[in-house]
Amino acid sequence: MISNRELKGQIEELTEQNQFLSDELQQIKSLLESQSNNQNQSSNQGQSIQGSGQTNNPLFDMANDFIQLKKLTSDLQTKMQEYASKQTRGSRLTDEDVINLIINMMNGMIDWTIDFVSKQNQAQGQMQ
């Protein structure tokens with residue numbers, strides 16, 4: 001059986017990892033925005049730059065995807081904490097509870113990935 005303390009420790013570790021990832025993504029986003037702005041300035045020389053630096057740059061799009069992923073993982077973490085607190089009510093989670101939770105999370109991630117890839121494929125198909 002996994003104790004609440006162990007589960008809380010794992011959740012705190014995931015929170016730290018999420019924060020680290022979030023910080024890295026913010027740095028990537030800033031770098032991509034400055035790179036995109038620099039490319040626009042050098043390619044447009046004297047023309048006004050339209051938009052906020054978002055120039056169909058694949059790296060910028062990927063950074064935005066990571067930001068969305070960060071939000072989803074944060075939401076998932078909150079839901080996991082709520083689920084664990086409802087299931088335990090002062091007692092310990094059983095191994096079966098943890099396994100079911102992990103399987104449900106994996107199924108959700110797989111479903112989200114399938115939807116995301118199909119949307120990307122549809123968008124690429126429309127571009128061609």
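These numbers come from a predicted model, not from an experiment.

A. Molecular detail of the overall build of the protein chain. Secondary structure summary: the protein chain contains three helices and zero strands in total. Secondary structure elements of the protein chain occur, N-terminal to C-terminal, as α-α-α. For the protein chain, buried positions account for 17% of its 128 residues. Total accessible area on the protein chain stands at roughly 9,800 Å², and carbon and sulfur atoms take up 52% of it.

B. Inspection of the layout of surface pockets at higher detail. Space inside the largest pocket adds up to approximately 410 Å³. For the lining of the largest pocket, the secondary structure elements donating two or more residues are helix H2 (58–88) and helix H3 (95–127). Per-element accounting of the lining of the largest pocket gives the leading share, eight residues, to H2. Gln10, Leu14, Leu76, Met80 and Met105 are the residues nearest the centre of the second largest pocket, which is lined by 16 residues in total. If one sorts the elements of the lining of the second largest pocket by residue count, helix H1 (residues 4–44) sits on top with seven residues.

C. Summary view of H2. Between its terminal C-alpha atoms H2 stretches 44 Å, which fits the 45 Å expected from 31 residues at 1.5 Å a residue. Within the sequence span of H2, burial applies to Phe60, Ala63, Lys70, Gln77, Met80, Ala84 and Thr88. Following H2 by one or two positions, Arg89 has its phi on the positive side, about 45°.

D. Seen up close, the packing of aromatic side chains. Enumeration over the complete set of coordinates arrives at one aromatic pair. Ring centres 5.2 Å apart and planes at 10° place the aromatic pair Trp112 and Phe116 in the stacked group. Of this pair, Trp112 and Phe116 both sit in helix H3, separated by four residues, roughly a single helical turn. In this structure Phe116 comes out as partly exposed when scored by relative accessible area, which is 25%.

E. Structural view of a nonpolar patch on the surface. Taken together, Leu59, Met62, Phe66, Leu69, Leu72 and Trp112 make up a surface patch of nonpolar side chains, about 490 Å² in accessible area. Ranked by residues supplied to the nonpolar patch, first place goes to H2 with five residues. According to the relative accessible area criterion, Leu69 is partly exposed, its value standing at 31%.

F. Highlighting the side chain of Asn18. Position of Asn18 relative to the elements: it lies in helix H1. A relative accessible area of 12% means that Asn18 is categorised as buried. In this structure Asn18 touches Lys70, Thr73 and Gln77, once residues within four positions along its chain are discounted.

G. Seen up close, the confidence of the model for the protein chain. Taken residue by residue, the protein chain gives an average pLDDT of 75. The fraction at 70 or more is 82%. Ranking the helices and strands of the protein chain by mean pLDDT puts H3 first, with 81, and H1 last, with 76. Confidence drops under a pLDDT of 50 for residues 46–52, and excluding neighbours within four residues, the segment shows five contacts in the predicted structure.

H. How the structure looks around the environment of Arg5. Along the chain, the position of Arg5 falls in helix H1. Judged by its relative accessible area of 74%, Arg5 is exposed. Along the backbone, Arg5 and Arg92 are 87 residues apart, and their C-alpha atoms lie at a distance of 9.2 Å.

Criteria and cut-off values
Residues numbered from 1 in each chain as written. Predicted model: local features only at pLDDT ≥ 70, side-chain atom pairs only at ≥ 80, totals over all residues. Heavy atoms only, no water. Helix = DSSP H or I, 4+ residues; strand = E, 2+ residues; numbered from the N terminus. Buried < 20%, exposed > 50% of the residue type's maximum accessible area, 1.4 Å probe, protein only. Areas by Shrake-Rupley, 256 points an atom, 1.4 Å probe, with all protein chains shown as cover. 1 Å grid on protein atoms, 1.4 Å probe; cavity = no way out; pocket = protein on both sides within 12 Å on 5 of 7 lines; lining within 4 Å. Points joined across faces, edges and corners; volume = space filled by probe spheres on them. Expected span 1.5 Å × (residues − 1). Phe/Tyr/Trp six-rings, centres within 6.5 Å; stacked < 30°, edge-to-face > 60°. Patch = residues over 30% accessible without salt bridge, like charges linked within 9 Å, V, L, I, M, F, W, Y side chains within 5 Å. Salt bridge = Lys/Arg side-chain N within 4 Å of Asp/Glu carboxyl O. Contact = heavy atoms within 4.5 Å. pLDDT = per-residue confidence, 0-100.

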